[in-house]
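For reference, the chains in residue letters:
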There are 2 protein chains.
Amino acid sequence: MGRRGEHSKSEIECMALEAAEAIIEGEGFDALSARKVASAIGYTVGSLYFVFRNLDELIQRINGRTLDQLYAGLIEALSDCRHPQQCIYALGGGYLAFAARHPHRWRMIFEQQPRDDNLSIEIYQEKMDRLYELMEIQLKALAACPEEEVFIATRALWSGLQGVASMTIGRKPDREEEQWAQKLSRHLIGHYLAGLGTTQFNSRVNQSVGRLIDCPK
Amino acid sequence: MGRRGEHSKSEIECMALEAAEAIIEGEGFDALSARKVASAIGYTVGSLYFVFRNLDELIQRINGRTLDQLYAGLIEALSDCRHPQQCIYALGGGYLAFAARHPHRWRMIFEQQPRDDNLSIEIYQEKMDRLYELMEIQLKALAACPEEEVFIATRALWSGLQGVASMTIGRKPDREEEQWAQKLSRHLIGHYLAGLGTTQFNSRVNQSVGRLIDCPK
DNA sequence: AGTAAAAATGAACATCATTTAATAAAACAT
DNA sequence: ATGTTTTATTAAATGATGTTCATTTTTACT
């Protein structure tokens, strides 16, 4: 096969992905370059283009792997919780823990839009849906959540978690930043779910409290 | 003054900012380059570096202006609402409307971390705090929100909105994407506030419902 | 008019992603 | 074993980027 016969095409592919991930984790996304990846695996830059169409493809592959790892992490996080509400907290905690542990790779998923005519984010849609599903299952198991609202509730909760991560992760190289993120997450989930469990019959109650007003349709 | 005596230093600065903003709005952030900005205002690239230290500084200036415009937009959005809860919906609506109308510039605020030793996001802290304050005022006016939780509730709500925007805006060049964002926003705010109004005395109630579990401290 | 300061330029440098012609090694055929 | 084709790999070339700097041009002042 290869000139040195040392590595097959898929081996080089794998080495390149791992080298690139190491660069990103260590020095951030801006430090990534084709030449750096190539020399890290002992090849020249041209060989990278023999394996990947371009850098965007390599980045997309890394993002795919990251999403897979995230999914595995969330499955793991779900392993020691029973009640659906506990599971939802676990999903939030697992997501923020992952984002805090891999801030650069986590940011890359959302911030790198390929400039090709490739359908930008659509590529991850399947992997994203798989993540959504984890939340959807828990919400369906939650009597407090009316069936027809599960779809939007899933998106609302994930969006909330995404926002918490976006506002806290990777800004400072702090240790406390994850704790703050976790606190925000639990607060948001807690109150949202409480509201979800009451809003079906509390519009009158709230008005009697004198302040709450229905959300404009 | 200037060679052609036509523009003062601050005039060139202003022209450059506007030209750069036009490029970003029209072609996206990746299309921005020093040479393109320079030629758009009828100067050469060197002159840009006479006014800005580097491109990062120009980007930071644009981000500052964007945050100012966003603040003005939110003040405007607050003008026709009375009850604090209405105002919170208005803040969400205003934020998403702005993000949908200026997706590239909105994304730039959060996605462009300068690689200088400049304290990345800290520069916007003041302008950010001003935005937070708008929410804080409404939450304080909301009897449903206990005083000591206003701080975290403010961050939770803004994070939620940020997440909604992040998950919806700029992905597709669609018209409906803002409507979906608005729907998600209203849903999230509505249920969160409902929960905020009840969670102070409902932990027992929820347990009696048989599903809800207190948020782990 | 002559000089110093300021403003503006354009060329140069280093780096980047990407392409391509040339080369080396392996696989296969005869 | 030898010649041919296929594949893997390289090094150089291209064009664009941010940034710097010596040089030129214009203005302001003496």
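Please read these numbers as outputs of a predicted model, since none were measured by experiment.

Rules behind the numbers
Residues numbered from 1 in each chain as written. Chains lettered and ligands numbered in written order. Predicted model: local features only at pLDDT ≥ 70, side-chain atom pairs only at ≥ 80, totals over all residues. Heavy atoms only, no water. UniProt positions renumbered as here; feature names shortened; annotations may be inferred. Helix = DSSP H or I, 4+ residues; strand = E, 2+ residues; numbered from the N terminus. Salt bridge = Lys/Arg side-chain N within 4 Å of Asp/Glu carboxyl O. Buried < 20%, exposed > 50% of the residue type's maximum accessible area, 1.4 Å probe, protein only. Phe/Tyr/Trp six-rings, centres within 6.5 Å; stacked < 30°, edge-to-face > 60°. Domains from an automatic or database assignment. Contact = heavy atoms within 4.5 Å. Buried area = accessible area lost by both parts, 1.4 Å probe.

**What about the UniProt feature "DNA-binding region" (unreviewed entry) in chain A?**
Then, in step 1: Look at the UniProt record and you will see "DNA-binding region" (unreviewed entry) annotated at residues 33-52 of chain A.
Then, in step 2: In this annotation, residues 33-52 of chain A is assigned 70% helix and 0% strand; the end-to-end C-alpha distance for the span is 13 Å.

**Some points on the pattern of salt bridges**
Residue and element names in this part refer to chain A.
Then, in step 1: Within the structure shown, the criterion is met by 16 salt bridges over all chains.
Then, in step 2: Taking the shortest distance from any N to any O, the salt bridge between Arg 130 and Asp 68 comes out at 2.8 Å. Here the residue Arg 130 occupies a position in helix H7 (residues 125-140), and Asp 68 occupies one in helix H4 (residues 55-78), the gap between them amounting to 62 residues.
Then, in step 3: Classification of Asp 68 as partly exposed rests on a relative accessible area of 31%.
Then, in step 4: If you follow the salt bridges from partner to partner, you end up with Asp 68, Lys 127 and Arg 130 in one network.

**Some points on the packing of aromatic side chains**
Then, in step 1: Considering all chains together, one arrives at 6 aromatic pairs over all chains under this definition.
Then, in step 2: The interplanar angle of 80° and the centroid separation of 5.3 Å between the aromatic rings of Tyr95(A) and Trp158(A) together place this pair among those described as edge-to-face. With a gap of 63 residues between them, Tyr95(A) in helix H5 (residues 84-101) and Trp158(A) in helix H8 (residues 150-168) connect regions that are remote in the sequence. Of the two residues examined, Tyr95(A) and Trp158(A), each falls in the buried class.
Then, in step 3: Relative to Trp180(B), the ring of Phe151(A) has its centre 6.1 Å away and its plane inclined at 50°; by these criteria the two rings are tilted.

**Quick notes on the domain arrangement of chain A**
Residues and elements named next belong to chain A.
Then, in step 1: According to the domain assignment, chain A contains domain 1 (8-52) and domain 2 (55-201).
Then, in step 2: Centre-to-centre, using C-alpha coordinates, domain 1 lies 28 Å away from domain 2.
Then, in step 3: Contacts between domain 1 and domain 2 engage 13 residues on the former and 13 residues on the latter.
Then, in step 4: For the domain 1 and domain 2 pair, buried surface summed over both sides reaches about 1,400 Å², with 66% attributable to carbon and sulfur atoms.

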